[in-house]
Amino acid sequence: MNIKRWITFDLDGTLMQNPFGAWVFPEITEMISGILGRPHDVVSEMVVEHDARMRGGRYVEAYDWDDILRERFRELGIPDSIEIEPLVRKHSVPPKVKLLESGILELLSDLKARGYFLAAVTNGFYKFQAPVMEALGLIDKFDEVVTPERAGAGKPDPAILRGLGGQIIAHVGDRLDHDVQLANRCNVAAILIHKNLTADLKSLSPLLRVKEPAGIQLCIEKARKETKNALWNELTAGLVPAAIIDSLHEIPVILDA
(Lines give C-alpha, C1' and ligand atoms only; values in the text may rest on other atoms or scores of the structure.)
Protein backbone atom coordinates (compact mmCIF):
# COMPACT_ATOMS: atom_id res chain seq x y z
CA MET A 1 0.00 0.00 0.00
CA ASN A 2 1.34 3.42 -0.95
CA ILE A 3 1.91 5.78 1.96
CA LYS A 4 0.58 9.28 1.46
CA ARG A 5 3.35 11.87 1.33
CA TRP A 6 2.12 15.23 2.60
CA ILE A 7 3.33 18.78 2.17
CA THR A 8 1.54 21.09 4.59
CA PHE A 9 1.13 24.84 4.19
CA ASP A 10 0.31 27.73 6.42
CA LEU A 11 -2.17 30.12 4.80
CA ASP A 12 -2.01 33.71 6.04
CA GLY A 13 1.29 35.34 5.23
CA THR A 14 2.39 32.30 3.26
CA LEU A 15 -0.12 31.75 0.48
CA MET A 16 -2.69 34.49 0.91
CA GLN A 17 -3.66 37.82 2.42
CA ASN A 18 -6.91 37.66 4.42
CA PRO A 19 -9.23 40.65 4.96
CA PHE A 20 -9.08 40.78 8.77
CA GLY A 21 -6.52 43.52 9.37
CA ALA A 22 -7.53 45.94 6.64
CA TRP A 23 -11.28 45.35 6.43
CA VAL A 24 -12.96 43.09 9.01
CA PHE A 25 -11.40 44.46 12.19
CA PRO A 26 -11.86 48.12 11.15
CA GLU A 27 -15.54 47.46 10.45
CA ILE A 28 -15.96 45.81 13.86
CA THR A 29 -14.33 48.85 15.47
CA GLU A 30 -16.65 51.18 13.57
CA MET A 31 -19.75 49.16 14.50
CA ILE A 32 -18.93 49.02 18.21
CA SER A 33 -17.96 52.69 18.31
CA GLY A 34 -21.35 53.41 16.78
CA ILE A 35 -23.13 51.32 19.40
CA LEU A 36 -21.26 53.08 22.20
CA GLY A 37 -21.64 56.52 20.66
CA ARG A 38 -17.93 57.21 21.04
CA PRO A 39 -14.64 55.98 19.52
CA HIS A 40 -13.53 52.71 21.05
CA ASP A 41 -10.58 50.58 19.90
CA VAL A 42 -12.10 47.19 20.60
CA VAL A 43 -9.68 45.41 18.24
CA SER A 44 -6.67 46.30 20.38
CA GLU A 45 -8.51 44.78 23.35
CA MET A 46 -9.26 41.66 21.30
CA VAL A 47 -5.60 41.31 20.34
CA VAL A 48 -4.54 41.61 23.99
CA GLU A 49 -6.89 38.74 24.85
CA HIS A 50 -5.65 36.73 21.87
CA ASP A 51 -2.03 37.16 22.99
CA ALA A 52 -2.92 36.15 26.56
CA ARG A 53 -4.59 32.95 25.33
CA MET A 54 -1.57 32.14 23.17
CA ARG A 55 0.82 32.64 26.08
CA GLY A 56 -1.34 30.31 28.12
CA GLY A 57 -1.14 27.59 25.45
CA ARG A 58 -4.85 27.99 24.69
CA TYR A 59 -4.19 27.85 20.97
CA VAL A 60 -7.71 26.91 19.85
CA GLU A 61 -9.39 29.55 22.00
CA ALA A 62 -6.86 32.17 20.90
CA TYR A 63 -8.29 32.09 17.38
CA ASP A 64 -11.95 31.95 18.39
CA TRP A 65 -12.52 35.59 17.45
CA ASP A 66 -16.27 35.26 17.99
CA ASP A 67 -15.72 34.22 21.61
CA ILE A 68 -13.15 36.97 22.13
CA LEU A 69 -15.57 39.53 20.73
CA ARG A 70 -18.45 38.24 22.86
CA GLU A 71 -16.23 38.66 25.90
CA ARG A 72 -15.68 42.30 24.94
CA PHE A 73 -19.43 42.81 24.57
CA ARG A 74 -19.95 41.50 28.09
CA GLU A 75 -17.23 43.75 29.46
CA LEU A 76 -18.71 46.76 27.68
CA GLY A 77 -22.23 45.93 28.83
CA ILE A 78 -23.75 45.93 25.34
CA PRO A 79 -25.76 43.28 23.48
CA ASP A 80 -23.87 40.70 21.44
CA SER A 81 -24.91 41.78 17.97
CA ILE A 82 -21.98 41.12 15.62
CA GLU A 83 -21.13 37.88 13.81
CA ILE A 84 -17.68 37.87 12.26
CA GLU A 85 -18.16 35.22 9.55
CA PRO A 86 -20.56 37.34 7.43
CA LEU A 87 -18.06 40.19 7.57
CA VAL A 88 -15.30 37.87 6.36
CA ARG A 89 -17.50 36.69 3.47
CA LYS A 90 -18.42 40.28 2.64
CA HIS A 91 -14.79 41.30 2.33
CA SER A 92 -13.45 38.11 0.71
CA VAL A 93 -13.28 39.67 -2.73
CA PRO A 94 -10.20 40.76 -4.67
CA PRO A 95 -8.34 43.06 -4.20
CA LYS A 96 -9.27 42.93 -0.50
CA VAL A 97 -7.92 39.37 -0.50
CA LYS A 98 -5.10 38.14 -2.70
CA LEU A 99 -2.58 35.44 -3.39
CA LEU A 100 0.87 36.53 -2.24
CA GLU A 101 2.67 35.37 -5.39
CA SER A 102 1.79 34.77 -8.99
CA GLY A 103 1.64 31.15 -10.06
CA ILE A 104 0.67 29.74 -6.66
CA LEU A 105 -2.25 27.73 -8.00
CA GLU A 106 -0.07 26.27 -10.74
CA LEU A 107 2.64 25.38 -8.20
CA LEU A 108 0.16 23.54 -5.99
CA SER A 109 -1.17 21.66 -9.00
CA ASP A 110 2.39 20.72 -9.96
CA LEU A 111 3.10 19.36 -6.48
CA LYS A 112 -0.05 17.24 -6.66
CA ALA A 113 0.99 16.00 -10.09
CA ARG A 114 4.26 14.87 -8.50
CA GLY A 115 2.24 12.65 -6.19
CA TYR A 116 2.19 14.78 -3.05
CA PHE A 117 -0.92 15.26 -0.95
CA LEU A 118 -1.44 18.84 0.20
CA ALA A 119 -2.90 20.11 3.46
CA ALA A 120 -3.52 23.66 4.60
CA VAL A 121 -2.65 23.78 8.30
CA THR A 122 -3.82 27.05 9.76
CA ASN A 123 -4.64 28.56 13.12
CA GLY A 124 -7.62 30.34 11.59
CA PHE A 125 -11.02 28.73 12.09
CA TYR A 126 -12.48 27.08 8.98
CA LYS A 127 -15.42 29.48 8.77
CA PHE A 128 -12.97 32.40 8.56
CA GLN A 129 -10.52 30.78 6.14
CA ALA A 130 -12.82 29.00 3.69
CA PRO A 131 -14.38 32.19 2.22
CA VAL A 132 -10.92 33.57 1.45
CA MET A 133 -9.68 30.28 0.01
CA GLU A 134 -12.80 29.97 -2.14
CA ALA A 135 -12.43 33.51 -3.48
CA LEU A 136 -8.80 32.86 -4.45
CA GLY A 137 -9.27 29.40 -5.95
CA LEU A 138 -7.20 27.75 -3.23
CA ILE A 139 -9.65 25.47 -1.51
CA ASP A 140 -9.85 22.88 -4.29
CA LYS A 141 -6.05 22.57 -4.37
CA PHE A 142 -5.92 20.97 -0.92
CA ASP A 143 -6.74 17.44 0.09
CA GLU A 144 -7.28 18.58 3.69
CA VAL A 145 -7.85 21.88 5.45
CA VAL A 146 -6.74 21.50 9.07
CA THR A 147 -8.02 24.12 11.51
CA PRO A 148 -7.89 24.37 15.32
CA GLU A 149 -11.59 23.82 16.03
CA ARG A 150 -11.57 20.73 13.79
CA ALA A 151 -8.31 19.26 15.08
CA GLY A 152 -8.78 20.26 18.71
CA ALA A 153 -5.33 21.83 18.68
CA GLY A 154 -3.48 24.78 17.17
CA LYS A 155 0.04 25.46 15.98
CA PRO A 156 2.66 24.88 17.34
CA ASP A 157 1.02 21.93 19.15
CA PRO A 158 1.96 18.76 17.17
CA ALA A 159 -1.53 17.42 17.87
CA ILE A 160 -2.88 19.62 15.07
CA LEU A 161 -1.27 17.21 12.58
CA ARG A 162 -2.43 13.97 14.15
CA GLY A 163 -5.33 13.55 11.71
CA LEU A 164 -3.09 13.34 8.66
CA GLY A 165 -2.23 9.75 7.88
CA GLY A 166 0.98 8.92 6.08
CA GLN A 167 4.25 10.84 6.06
CA ILE A 168 4.61 14.61 6.25
CA ILE A 169 7.56 15.61 4.08
CA ALA A 170 7.65 19.32 4.89
CA HIS A 171 5.68 22.17 6.42
CA VAL A 172 5.84 25.60 4.79
CA GLY A 173 5.07 28.76 6.73
CA ASP A 174 6.07 32.33 7.47
CA ARG A 175 6.40 32.21 11.27
CA LEU A 176 9.10 30.73 13.47
CA ASP A 177 6.91 30.45 16.57
CA HIS A 178 3.99 28.75 14.84
CA ASP A 179 5.28 27.01 11.72
CA VAL A 180 8.96 26.26 12.20
CA GLN A 181 8.45 25.24 15.80
CA LEU A 182 5.56 22.95 14.83
CA ALA A 183 7.62 21.26 12.12
CA ASN A 184 10.62 20.76 14.39
CA ARG A 185 8.46 19.32 17.15
CA CYS A 186 7.14 16.81 14.60
CA ASN A 187 10.55 16.04 13.06
CA VAL A 188 9.32 17.46 9.76
CA ALA A 189 11.37 19.65 7.43
CA ALA A 190 10.55 23.25 8.34
CA ILE A 191 10.53 25.55 5.31
CA LEU A 192 10.42 29.23 6.27
CA ILE A 193 9.27 31.68 3.62
CA HIS A 194 10.75 35.14 4.04
CA LYS A 195 10.28 37.73 1.34
CA ASN A 196 12.96 40.17 0.23
CA LEU A 197 16.08 38.20 1.11
CA THR A 198 19.36 40.00 0.55
CA ALA A 199 21.16 39.35 -2.72
CA ASP A 200 23.86 37.39 -0.86
CA LEU A 201 21.31 35.03 0.71
CA LYS A 202 19.38 34.70 -2.54
CA SER A 203 22.55 33.51 -4.26
CA LEU A 204 22.65 30.48 -1.95
CA SER A 205 20.48 27.40 -2.05
CA PRO A 206 17.51 27.45 0.38
CA LEU A 207 19.12 24.68 2.43
CA LEU A 208 22.32 26.69 2.94
CA ARG A 209 20.82 30.08 3.78
CA VAL A 210 20.10 29.27 7.42
CA LYS A 211 23.69 28.12 7.93
CA GLU A 212 25.05 31.56 7.07
CA PRO A 213 25.45 34.26 9.75
CA ALA A 214 23.12 36.50 7.74
CA GLY A 215 20.46 33.79 7.68
CA ILE A 216 20.78 33.17 11.40
CA GLN A 217 20.54 36.90 12.10
CA LEU A 218 17.46 37.12 9.90
CA CYS A 219 15.79 34.45 12.05
CA ILE A 220 16.86 36.14 15.29
CA GLU A 221 15.34 39.42 14.15
CA LYS A 222 12.17 37.61 13.12
CA ALA A 223 11.98 35.91 16.52
CA ARG A 224 12.34 39.31 18.21
CA LYS A 225 9.40 40.60 16.22
CA GLU A 226 7.20 37.57 16.84
CA THR A 227 7.92 37.44 20.57
CA LYS A 228 7.90 41.25 20.92
CA ASN A 229 11.18 40.88 22.78
CA ALA A 230 13.88 43.19 21.45
CA LEU A 231 16.47 41.50 23.67
CA TRP A 232 16.13 38.09 21.99
CA ASN A 233 19.65 37.20 20.84
CA GLU A 234 19.85 33.42 20.52
CA LEU A 235 18.16 31.20 17.96
CA THR A 236 17.06 28.10 19.86
CA ALA A 237 17.09 24.76 18.07
CA GLY A 238 13.31 24.59 17.89
CA LEU A 239 13.20 27.79 15.86
CA VAL A 240 15.82 26.86 13.26
CA PRO A 241 14.27 26.11 9.85
CA ALA A 242 15.62 23.42 7.56
CA ALA A 243 15.44 25.87 4.67
CA ILE A 244 14.65 29.50 3.97
CA ILE A 245 12.89 30.40 0.75
CA ASP A 246 12.24 33.76 -0.85
CA SER A 247 9.51 32.37 -3.09
CA LEU A 248 7.18 29.40 -2.94
CA HIS A 249 8.54 28.45 -6.35
CA GLU A 250 11.75 27.33 -4.63
CA ILE A 251 9.94 24.43 -2.96
CA PRO A 252 10.57 21.99 -5.87
CA VAL A 253 14.29 22.79 -5.60
CA ILE A 254 14.26 21.59 -1.99
CA LEU A 255 12.23 18.49 -2.80
CA ASP A 256 14.66 17.58 -5.58
CA ALA A 257 17.78 18.16 -3.45
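Rules and cut-offs
Residues numbered from 1 in each chain as written. Predicted model: local features only at pLDDT ≥ 70, side-chain atom pairs only at ≥ 80, totals over all residues. Heavy atoms only, no water. Helix = DSSP H or I, 4+ residues; strand = E, 2+ residues; numbered from the N terminus. Rg over C-alpha atoms; globule rule 2.2 N^0.38 Å. Buried < 20%, exposed > 50% of the residue type's maximum accessible area, 1.4 Å probe, protein only. Contact = heavy atoms within 4.5 Å. Areas by Shrake-Rupley, 256 points an atom, 1.4 Å probe, with all protein chains shown as cover. Lys, Arg positive; Asp, Glu negative; His and termini not counted. Charge placed at Lys NZ, Arg CZ, Asp CG, Glu CD. Salt bridge = Lys/Arg side-chain N within 4 Å of Asp/Glu carboxyl O. Pairing = 2+ DSSP bridges. Right-handed = clockwise from strand over helix to strand, strands pointing away. Arc of directions from axis to C-beta. Axes fitted to C-alpha atoms, helices over the stretch in contact; angles between N-to-C directions.

**Student:** Quick question: what am I supposed to make of the overall build of the chain here?
**Tutor:** Looking only at helices and strands, one finds 13 helices and eight strands in the chain. The C-alpha atoms of the chain give a radius of gyration of 19 Å, which matches the 18 Å a tight globule of 257 residues would have. In terms of overall dimensions, the chain has a C-alpha envelope of 60 × 45 × 35 Å along the principal axes. Looking at the chain as a whole, 48% of its 257 residues are labelled buried. A sequence separation of at least 24 residues applies to 70% of the contacts in the chain between residues at least 6 apart. Only carbon and sulfur atoms are counted for the fraction: they give 52% of the accessible area of the chain, which is about 12,200 Å². Charge separation in the chain, taken as the distance between the mean sites of 30 positive and 37 negative side-chain charges, equals 1 Å.

**Student:** Please explain the pattern of salt bridges as it appears in this structure.
**Tutor:** Pairing is possible between side chains that carry opposite charge, provided their charged atoms lie close to one another. This model, assessed by the stated rule, comprises 21 salt bridges. Here glutamate 45 makes a salt bridge to arginine 72, at a shortest N to O gap of 2.9 Å. Here glutamate 45, found in helix 2 (residues 42-55), pairs with arginine 72, found in helix 4 (residues 65-76); they are 27 residues apart in sequence, far enough to count as distant. Judged by its relative accessible area of 15%, arginine 72 is buried. A salt bridge links glutamate 134 to arginine 89, with the nearest nitrogen and oxygen atoms 3.6 Å apart. With glutamate 134 in helix 7 (residues 126-136) and arginine 89 in helix 5 (residues 84-91), this residue pair connects regions lying 45 residues apart in the sequence. The exposure class assigned to arginine 89 is partly exposed, which follows from its relative accessible area of 41%. Overlapping salt bridges, with partners in common, bring together Glu49, Arg53, Asp67, Arg70 and Glu71 in one network.

**Student:** Quick question: what am I supposed to make of the environment of proline 131 here?
**Tutor:** Here proline 131 is to be found in helix 7. Separated by 102 residues in sequence, proline 131 and threonine 29 have C-alpha atoms that sit 21 Å apart. Discounting chain neighbours no more than four positions away, the residues touching proline 131 are Val88, Arg89, Ser92 and Tyr126.

**Student:** How should I be thinking about the side chain of asparagine 123 in this particular structure?
**Tutor:** With respect to the helices and strands, the residue asparagine 123 is situated in the loop between strand 4 (117-121) and helix 7. We classify asparagine 123 as buried; its relative accessible area is 4%. Those residues within four positions of asparagine 123 in sequence are excluded, and the remaining contacts are Tyr63, Pro148, Gly154, Lys155, Ile160 and His178.

**Student:** Help me understand the pairing of strand 6 (residues 167-173) in this model?
**Tutor:** Along any regular strand, the residues point their side chains to alternate faces of the sheet. The element strand 6 is extensively covered by neighbouring structure, given that five of its seven residues are classed as buried. Where strand 1 (residues 5-9) lies against strand 6, five bridges are found, and the strand directions are parallel. Looking across to strand 6, one finds that isoleucine 7 is bridged to alanine 170. Across four bridges, strand 6 lies against strand 7 (residues 189-193) in parallel orientation. Bridging across to strand 7, valine 172 finds its partner in isoleucine 191. Read as a crossover between parallel neighbours, the route from strand 6 over helix 9 (residues 176-185) to strand 7 is right-handed.

**Student:** Help me understand helix 6 (residues 104-113) in this model?
**Tutor:** Since there are 3.6 residues in each turn of an α-helix, residues three or four apart along the chain are aligned in direction. For helix 6, the complete set of buried residues consists of Ile104, Leu107, Leu108 and Leu111. Mapping the buried residues of helix 6 onto a view down its axis gives an arc of 95°, with all of them on the same face. Residues of helix 6 that are exposed and angled more than 90 degrees away from the buried face: Glu106 and Ala113. The inward-facing, buried residues of helix 6 abut strand 1, strand 3 (98-99), strand 4 and helix 13 (251-256).

**Student:** I'm lost on the sheet that holds strand 8 (residues 243-245) in this one. Help?
**Tutor:** Reading across from one edge, 5-4-1-6-7-8 is the order of the six strands in this open sheet, with parallel pairing throughout. Each of the sheet's edge strands pairs with one partner strand only, and the pair in question is strand 5 (144-146) and strand 8. Averaged over neighbouring strand pairs, the angle between their axes works out to 25° when direction is ignored. Here helix 9 sits on the sheet and contacts strand 6 and strand 7; the angle it forms with strand 7, its principal contact strand, is near 160°.

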